[in-house]
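Observations on the three-dimensional arrangement
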Amino acid sequence: MSCVLMLSVSCILWGLGMNEVGWLIMVCAVALLVVMMDCPFNFYILKSEWLGVDEMSVLMVLLCLLVSMMSLVSSTKEVKNGFVVLMSGWSVVEMVMFICLGSVLFFSVCSWMDFFFFFEFSLVPTFFLILKWGYQPERLQAAVFMLLYTVGSSLPLLMSLVYFWSYIKSDNMLLSKMVGGWKDFNMNWPWLIMSLSFLVKLPVYGAHAWLPKAHVEAPLSGSMLLAGVLLKFGGYGLIRLMWFSEVTNSTIILFVLVFSLWGGVLSSGVCSCQSDLKSLIAYSSIGHMALSLSVLLSFYSVGKMACVCVLYSHGICSPILFSLAANSYEFCQSRSIMLSKGISRIFPVISGVWFFFCILNMGFPPSLNFFSEVYSVGGLLSLQWLLGLMGGLMCLMTGAYCLILYSLVNHGVVSSMVFKPGLNLSYRYLVSSVFGGVLLLGGTLCLDMFFV
C-alpha cells in the first residue's frame with residue numbers, strides 16, 4: 001500500500017514538472033516494492049552472510065526511504081528547478097542519500113560489528129549536513145555537541161562487542177543467540193553499559209542536550225532525517241540488543257524504565273514553555289521516545305509491538321512538523337512562536353495542515369499514533385498501575401502542548417514580522433504533508449504490519 005502511494009505521489013510530482021524528484025521517488029518505490037515482495041516473513045531470516053531481516057527491519061527500511069523522500073521533496077531552499085544546487089562540490093541530496101544508505105544497511109546487517117559500524121557511519125554525513133548547510137553561526141557547536149555525545153557514549157559499546165566477539169567466536173546475532181553464548185554472563189550491568197550508546201541516541205532525558213541544538217541549527221532535510229530516522233537507531237538498537245543477548249527483567253532495567261518515563265513527563269512539561277518552534281518539536285520527540293523506551297522495557301510482547309509502532313508513527317509525524325516549522329520560517333523569517341501568529345488569516349490551508357498534524361501528534365484516532373499510545377499505556381498498566389498513570393500523564397501533557405502550539409502559531413493578530421507583499425509558498429510542503437497524513441491514517445487498515 002505504501003509503495004502504491006509513493007508511486008502516486010511521484011506521478012503527481014512528475015505531472016507538476018518536478019521531473020528529477022518524481023523519478024527519484026519512483027525508482028526508490030519500485031526498489032522498495034521488490035524488497036517487500038521478497039520478504040513475506042514474521043521471523044528473522046539470514047538473506048546472506050551479511051544481511052539478516054525480519055518484519056521490524058523491513059518496516060524501518062520503509063520508514064527510512066519514506067522520510068528521505070519527504071525530506072527531499074520539502075527542501076525548497078536547497079532545491080531549485082527540480083534539483084539541488086551544488087555547494088562546495090557537494091550537494092544536500094548526496095548527503096541525504098549517504099544517510100539513507102547508512103540507515104538502510106544499519107537496519108539490515110546481521111553482524112553486530114557491521115551493526116556498530118553503520119551506527120556510527122550515519123554521524124559523518126549528518127555532521128557535514130549541519131556544518132555546511134546550517135542556518136546559524138552556532139552550527140559548529142551543535143555539530144560538535146552531537147558528535148561528542150554520540151561517539152563518547154559508543155566507546156563502551158564498542159569495547160563490549162569486541163570482548164563478546166572474542167568470547168563467542170562469532171559476531172553474528174542469530175548464531176550467537178542460537179548457541180546460547182550470552183547465557184554464560186549475568187547481563188544486567190553489561191546490558192546497561194552496552195545500551196548507553198542507544199539511550200543517548202534515542203535520547204533519554206538527561207542525555208538529550210545535543211538534540212535541540214542539532215535540530216535548531218540543522219537545515220530542514222537534516223532535521224527531518226534526524227527526527228524521522230536517526231533517533232530510531234536507538235530504539236532499534238535496544239530491541240536488537242535485548243533480542244540476541246537474551247537479557248531479562250531486573251532492578252537495573254526497572255530503574256532505567258522509571259527514569260526514562262519520568263524524563264518523558266519532564267520533557268513534555270518543557271515543551272509547554274518553549275518559544276522556539278524547532279526546540280518545541282525536538283523536546284516532543286524526547287517525550288515520544290521516552291514512552292517507546294519505557295514500554296519496551298516492560299518485557300511484554302505487546303510492549304515491544306507498541307514500541308515499534310511508536311517509532312514508525314513518530315518517524316512520519318515529527319518530520320512533517322519540522323517541515324511546517326520551516327514553512328512558517330519562510331514567511332516570518334523567525335522561529336519564535338510569538339512572532340509567527342495569525343497563519344490562519346493568511347494561509348488557511350497551511351493552518352488546516354498545522355491542525356491536522358498537531359492532533360495526530362497528540363494521538364487522534366484512528367491514526368497510528370493513537371493505537372501506539374493506547375497500547376503503550378496499556379503495557380505500562382500491566383506492569384504497574386503507577387507507571388501507567390505516568391504514561392497517561394505524559395499523553396495528557398502531549399495534548400496540552402500540541403494545543404498550545406497550534407493556537408499560538410495559527411491564531412491571534414498577524415505579526416508585523418510577516419512579509420505580506422507577494423507571499424508565495426511552495427506546494428512541496430503540502431505534498432509531503434498530505435502524503436504523511438495518508439500514511440498515518442491509512443496505516444490503521446493494516447495494523448498487523450506495524451505491530452511486529
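Read on for a plain summary of the structure. Sequence order sets the numbering: in each chain, residues are counted from 1 along the sequence as written. Local features are withheld for residues below a pLDDT of 70 in this predicted model, meaning they are given only at 70 or higher, and side-chain atom pairs are given and counted only at 80 or more; totals for whole chains, interfaces and linings count all residues. Values shown for side chains rest on all heavy atoms present in the structure; no hydrogens or waters enter the calculation.

**Quick look at the environment of Trp189**
Filter applied, for reference: Helix numbering and strand numbering both begin at the N terminus, where a helix is a DSSP run of H or I of at least 4 residues and a strand a DSSP run of E of at least 2. Each residue's exposure class comes from its accessible area (1.4 Å probe, protein chains only) as a fraction of the maximum for that residue type: buried when under 20%, exposed when over 50%, partly exposed otherwise.
Residue placement: Trp189 occurs in helix H9 (residues 188-201). Since its relative accessible area comes to 57%, Trp189 is described here as exposed. Residues Trp189 and Ile252, 63 residues apart in the sequence, show an inter-C-alpha distance of 7.6 Å.

**Details of the packing of aromatic side chains**
The relation between two aromatic rings is expressed through the spacing of the ring centres and the mutual angle of the planes. Selection rule: Only rings of Phe, Tyr and Trp enter the pairing, Trp through its six-membered ring, and a pair is recorded when the two centres are within 6.5 Å. The plane angle decides the type: under 30 degrees is stacked, over 60 is edge-to-face, the rest tilted. Criterion for a charge above a ring: Arg CZ or Lys NZ at most 6 Å from the ring centre, at most 35 degrees from the ring normal.
Evaluated as defined, the whole model comprises 24 aromatic pairs. Where Phe370 meets Phe371, the ring centres are 5.3 Å apart and the plane angle is 75 degrees; that geometry is what we call edge-to-face. Among the residues examined, Phe370 registers a relative accessible area of 28% and is labelled partly exposed. An aromatic cluster of three or more residues is present, and its members are Phe106, Phe107, Phe115, Phe119, Phe198, Phe233 and Tyr236. We note Lys201 situated over the ring of Phe119; from NZ or CZ to the ring centre the distance is 5.6 Å. The ring of Phe145 is capped by Lys213, whose NZ or CZ atom sits 5.2 Å from the centre of that ring.

**Focus on the pattern of salt bridges**
The criterion, for reference: We count a salt bridge whenever a side-chain nitrogen from Lys or Arg sits within 4 Å of a carboxyl oxygen from Asp or Glu.
Taken as a whole, this structure holds two salt bridges when the rule is applied. Asp54 is the partner of Arg240 in a salt bridge, and the nearest nitrogen-oxygen pair spans 2.8 Å. You can see Arg240 sitting in helix H12 (residues 232-245) and its partner Asp54 sitting in the loop between strand E2 (52-53) and helix H3 (55-74), a full 186 residues away along the chain. With a relative accessible area of 12%, Asp54 lands in the buried category. Two residues, Arg335 and Asp276, come together in a salt bridge whose shortest N-O distance is 3.0 Å. Here Arg335 is found in the loop between helix H15 (301-332) and helix H16 (343-346), whereas its partner Asp276 is found in the loop between helix H13 (251-271) and helix H14 (277-296), with 59 residues between them in sequence.

**Quick look at the environment of Leu280**
The cut-off we apply is this: The contact rule is simple, with two residues in contact once any of their heavy atoms fall within 4.5 Å.
Note on placement: Leu280 falls in helix H14. In this structure Leu280 touches Cys271, Gln274, Ile337, Tyr401 and Leu405, once residues within four positions along its chain are discounted.

**Looking at helix H10 (residues 210-217)**
Within H10, seven of the eight residues are buried, leaving the element largely enclosed by the surrounding structure. Of the positions making up H10, those classed as buried are Trp210, Leu211, Pro212, Ala214, His215, Val216 and Glu217. The inward-facing, buried residues of H10 abut helix H6 (123-133), helix H7 (139-168), H9, helix H11 (220-230), H14 and H15.

**Re the packing of H14 against helix H18 (residues 368-383)**
The line we're drawing: In this analysis an axis means a line fitted to C-alpha atoms, helices contributing only their contacting stretch, and an angle means the value between N-to-C directions, from 0 to 180 degrees. Our angle categories are set so that under 35 degrees counts as roughly parallel, over 145 as roughly antiparallel, 65 to 115 as roughly perpendicular, and the remainder as oblique. Throughout, a crossing is termed right-handed when the near helix is turned clockwise from the far one, and left-handed when it is turned anticlockwise from it by less than a right angle. Side-chain classes are defined by residue name, with Ala, Val, Leu, Ile, Met, Phe, Trp, Tyr, Cys and Pro counting as nonpolar, Asp, Glu, Lys and Arg as charged, and the others, Gly among them, as polar.
Look at H14 against H18: their axes get within 9 Å of each other, and the N-to-C directions meet at 45 degrees. Comparing the axis directions of H14 and H18 gives the class oblique. Viewed along their axes, H14 and H18 form a crossing whose handedness is left-handed. Contact residues: His288, Leu291, Ser294 and Val295 in H14; Glu373, Tyr375, Ser376, Gly379 and Leu380 in H18. When grouped by side-chain class, the residues that make up the contact of H14 with H18 number four nonpolar, four polar and one charged.

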